[in-house]
Amino acid sequence: MINFSTITKSVEKMLAQAPAITQYTIERSVVENMDPGRCPWVGIYRKRLEYIPRRMGVGTNNWSTNIKIDVVIQASSQVDTAEELLEEQIAAVLTILDTDRTLGGTVNMVLGYAIEYFIREDATDDVFFQRAVITITAESRS
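What you see is a predicted model, and the numbers here were worked out from it, not measured in a lab.

Moving on to the pattern of salt bridges. Here the structure, examined in full by the defined rule, presents six salt bridges. Residues Arg 28 and Glu 12 are paired through a salt bridge, measuring 3.2 Å at the closest nitrogen-oxygen approach. Of this pair, Arg 28 sits in strand β1 (residues 25-28) while Glu 12 sits in helix α1 (residues 4-16), and the two are 16 residues apart along the sequence. Overall, the relative accessible area of 23% leaves Glu 12 in the partly exposed class. Note that Arg 141 is salt-bridged to Glu 139, the shortest N-O span being 4.0 Å. Owing to a relative accessible area of 39%, Arg 141 belongs among the partly exposed residues under this scheme.

A word on the side chain of Thr 8. Counting through the fold element by element, Thr 8 comes out in helix α1. Those residues in contact with Thr 8 that lie beyond four places of it in its chain are Arg 28, Ile 44, Tyr 45, Arg 46 and Ile 69.

We now examine unusual backbone geometry. A negative phi holds for most residues other than glycine; trans holds for most peptide bonds. Geometrically, the link from Cys 39 to Pro 40 is a cis peptide bond, its omega value of 0° lying close to zero. Relative to the assigned elements, Pro 40 resides in the loop between β1 and β2 (41-53). Despite not being glycine, Ser 29 shows a phi value in the positive range, around 55°. Along the chain, Ser 29 falls in the loop between β1 and β2. Here Ser 29 falls in the partly exposed class, since its relative accessible area comes to 39%. One non-glycine residue, Leu 103, lies in the positive phi region at around 50°.

Turning our attention to the environment of Thr 102. Here Thr 102 lies in the loop between α2 (82-97) and β4 (109-121). Residues Thr 102 and Ser 10, spaced 92 residues apart in sequence, show a C-alpha to C-alpha distance of 9.8 Å. For Thr 102, the contacting residues outside a window of four places in its chain are Val 107 and Asn 108. Here the side chain of Thr 102 touches Asp 100 through a polar contact of 2.6 Å, side chain to side chain.

Counting through the fold element by element, Gln 130 comes out in strand β5 (residues 128-141). Take Gln 130: its relative accessible area is 10%, and that puts it in the buried class. Setting aside anything within four residues of it in sequence, one finds Gln 130 in contact with Ile 73, Gln 74, Ala 75, Ala 82, Glu 83, Leu 86, Phe 118 and Ile 119.

Applying the stated criterion across every chain yields a total of one aromatic pair. Where Tyr 51 meets Trp 63, the ring centres are 6.5 Å apart and the plane angle is 85°; that geometry is what we call edge-to-face. One end of the pair, Tyr 51, is in strand β2; the other, Trp 63, is in strand β3 (residues 63-77), with 12 residues separating them in the sequence. The exposure class of Tyr 51 is partly exposed, given its relative accessible area of 27%. According to the relative accessible area criterion, Trp 63 is partly exposed, its value standing at 31%.

Calculation criteria
Residues numbered from 1 in each chain as written. Predicted model: local features only at pLDDT ≥ 70, side-chain atom pairs only at ≥ 80, totals over all residues. Heavy atoms only, no water. Salt bridge = Lys/Arg side-chain N within 4 Å of Asp/Glu carboxyl O. Helix = DSSP H or I, 4+ residues; strand = E, 2+ residues; numbered from the N terminus. Buried < 20%, exposed > 50% of the residue type's maximum accessible area, 1.4 Å probe, protein only. Contact = heavy atoms within 4.5 Å. Polar contact = N/O pair within 3.5 Å; in protein donor to acceptor, adjacent residues only side chain to side chain. Phe/Tyr/Trp six-rings, centres within 6.5 Å; stacked < 30°, edge-to-face > 60°.

Rendered as structure tokens:
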């Protein structure tokens with residue numbers, strides 16, 4: 001069976017070692033950031049494992065595993081440019097993830113990405129704070 005932490009640690013390592021986003025705060029399995037001052041911020045979270053029988057019988061490699069990982073990206077700005085910043089950050093993270101579709105050899109293949117957007121204005125009314133969640137869908141065999 002799959003050790004999900006191995007996969008999220010690998011995603012964290014991929015992002016943390018990427019020169020393009022060295023200024024980002026990257027964290028795994030923590031309470032989501034609520035401080036606009038910590039942006040750009042990326043959080044990596046386990047979402048779902050689904051085991052599906054691939055063939056009858058016992059032995060190794062009888063299971064196909066569908067894996068979903070959430071990568072939360074946050075951007076903030078003193079003016080209304082958070083949307084543009086968020087899009088730049090999403091593109092940077094996707095570019096890094098797409099360099100290794102095995103996520104450091106922890107999955108057989110990344111099948112796709114889905115992006116969901118969220119917006120809120122911080123309580124100060126002069127800080128725009130936006131977030132998006134990239135859901136990585138991957139598969140593995142175990």
